[in-house]
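Listed below, chain by chain, are the residues.
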Amino acid sequence: MNSKSESFFEGRTALVTGANGGLGLALARALADRDCKVYAAVRNPDNIADASNYRLIIPVRLDLTDPDSIDALITLVADVSLVFNNAGSNRQDSALFCRSEGAAREEMEVNFFGPLRLARALAPLMKDRGEGTFVNLLSILAFEHLVECGSYSASKAAAHSLTQGMRAQLQPWGVRVIGVYPGPMDTAMSASLPLPKVSPEVVATAIMSALVSRDDEIYPGDIAQEFHTKWRPYRG
Ligand SMILES: NC(=O)c1ccc[n+]([C@@H]2O[C@H](COP(=O)([O-])OP(=O)(O)OC[C@H]3O[C@@H](n4cnc5c(N)ncnc54)[C@H](OP(=O)(O)O)[C@@H]3O)[C@@H](O)[C@H]2O)c1
């Protein structure tokens, strides 16, 4: 990244959901390293390993299954211009023969309704300021249903469709929407998956590059790249 690209981040304020581990923590660190102030939104603010090492990382409370918690956060972070909808829930169950329908509903709350509520509240504020970007963490499972994570796949498909709708409606406001479609990542969520995995740091770096380029969809990691190359000819 050249110095002009690096200066894109300086003095900006970001919100990263699910910032206490995995990709969220890698994103918070990457942003703070670029002199961005970061609201690190987590269920337990005492649970962020290195917030104290990073002057620019500010822990805030958020439970995406609790609308009151989302509304309280929105009031606190009204100045953000970069929103990373990173928090995700994957209960690793089939959709059709799930053990609990409640788990599927929780996935939809975290992966779809939470980002929707944040976008509805924060996009108009970005419009007033004439700039802003949402980065939505999706998955190649948004396009390909994996039975073992069936309800999660469905929630990511819903979030992908939401991402397309946000892009169409927010582009005239000068607000950008980036969709990120990784394959398996080396985080707690995929710990039990016996597959090659991309590191969260590599994905975070790819996202930083997308922010300073014109890429509105990115597919970080070998598996995601392979998937994208295969399906690209059939997508609109
Ligand atoms: N890992 C993969 O293979 C993979 C592949 C493609 C896409 N993704 C997506 O990448 C994103 C990051 O996931 P990750 O791999 O870094 O997984 P992770 O390490 O399991 O992190 C998930 C994060 O979401 C938070 N979260 C879960 N439920 C929440 C809720 N109700 N309210 C607020 N935060 C909540 C978790 O907080 P707690 O620590 O409190 O539970 C955690 O910080 C997710 O959107 C995921 O779907 C992951």
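Residues numbered from 1 in each chain as written. Predicted model: local features only at pLDDT ≥ 70, side-chain atom pairs only at ≥ 80, totals over all residues. Heavy atoms only, no water.

(A) Representation of the nonpolar core in the model. Grouped together as the largest cluster of nonpolar side chains are 33 residues, with contacts concentrated most on Leu31, Phe84, Ile207, Met208 and Leu211. Counting only elements with at least two residues in this core, the list comes to β1 (13–17), α2 (22–33), β2 (37–42), β4 (82–85), β5 (132–137), β6 (175–180) and α6 (200–211). For this core, the element with the most residues is α2, which contributes seven residues. Judged by nonpolar contacts, the second largest core, of 26 residues, contains Ala41, Leu64, Leu73 and Val177. (Core = buried A, V, L, I, M, F, W, Y, C linked by side-chain atoms within 4.5 Å. Buried < 20%, exposed > 50% of the residue type's maximum accessible area, 1.4 Å probe, protein only. Helix = DSSP H or I, 4+ residues; strand = E, 2+ residues; numbered from the N terminus.)

(B) Layout of the environment of Val83. Mapped onto the fold, Val83 is located in strand β4. With relative accessibility at 0%, the residue Val83 sits in the buried group. A C-alpha to C-alpha distance of 8.3 Å links Val83 and Asn136, two positions 53 residues apart in sequence.

(C) A look at the pattern of salt bridges. By the definition in use, this model includes seven salt bridges. Taking the shortest distance from any N to any O, the salt bridge between Arg91 and Glu106 comes out at 2.7 Å. One end of the pair, Arg91, is in the loop between β4 and α4 (101–129); the other, Glu106, is in helix α4, and 15 residues separate them in sequence. (Salt bridge = Lys/Arg side-chain N within 4 Å of Asp/Glu carboxyl O.)

(D) Here's a closer look at the site of the ligand. The immediate surroundings of the ligand are formed by 26 residues, with Asn20, Arg43, Tyr152, Thr187 and Ser190 found nearest. Measuring from a nitrogen atom of the ligand, one finds a side-chain N or O atom of Asp63 at 3.0 Å. One of the side-chain N or O atoms of Ser190 is found 2.5 Å from an oxygen atom in the ligand. Contact with the protein chains hides 88% of the accessible area of the ligand, taken as 890 Å² for the molecule alone. Of all elements in the fold, only α2 and α5 (150–170) reach the threshold of two or more residues within the shell around the ligand. By residue class, the composition of the shell around the ligand is 13 nonpolar, 10 polar and three charged. (Near = heavy atom within 4 Å. Polar contact = N/O pair within 3.5 Å; in protein donor to acceptor, adjacent residues only side chain to side chain. Areas by Shrake-Rupley, 256 points an atom, 1.4 Å probe, with all protein chains shown as cover. Nonpolar A, V, L, I, M, F, W, Y, C, P; charged D, E, K, R; others polar.)

(E) Highlighting the packing of α2 against α6. The N-to-C vectors of α2 and α6 enclose an angle of 50°; their axes lie 9 Å apart at closest approach. It follows that α2 is oblique to α6 by the angle criterion. Handedness of the crossing formed by α2 with α6: right-handed. Residue-level inspection shows Gly22, Leu23, Ala26, Leu27, Ala30 and Leu31 of α2 in contact with α6, the latter providing Pro200, Glu201, Val203, Ala204, Ile207 and Met208. In the contact of α2 with α6, the residues fall into 10 nonpolar, one polar and one charged. (Axes fitted to C-alpha atoms, helices over the stretch in contact; angles between N-to-C directions. Parallel < 35°, antiparallel > 145°, perpendicular 65-115°, else oblique. Left-handed = near helix turned anticlockwise from the far one by under 90°. Contact = heavy atoms within 4.5 Å.)

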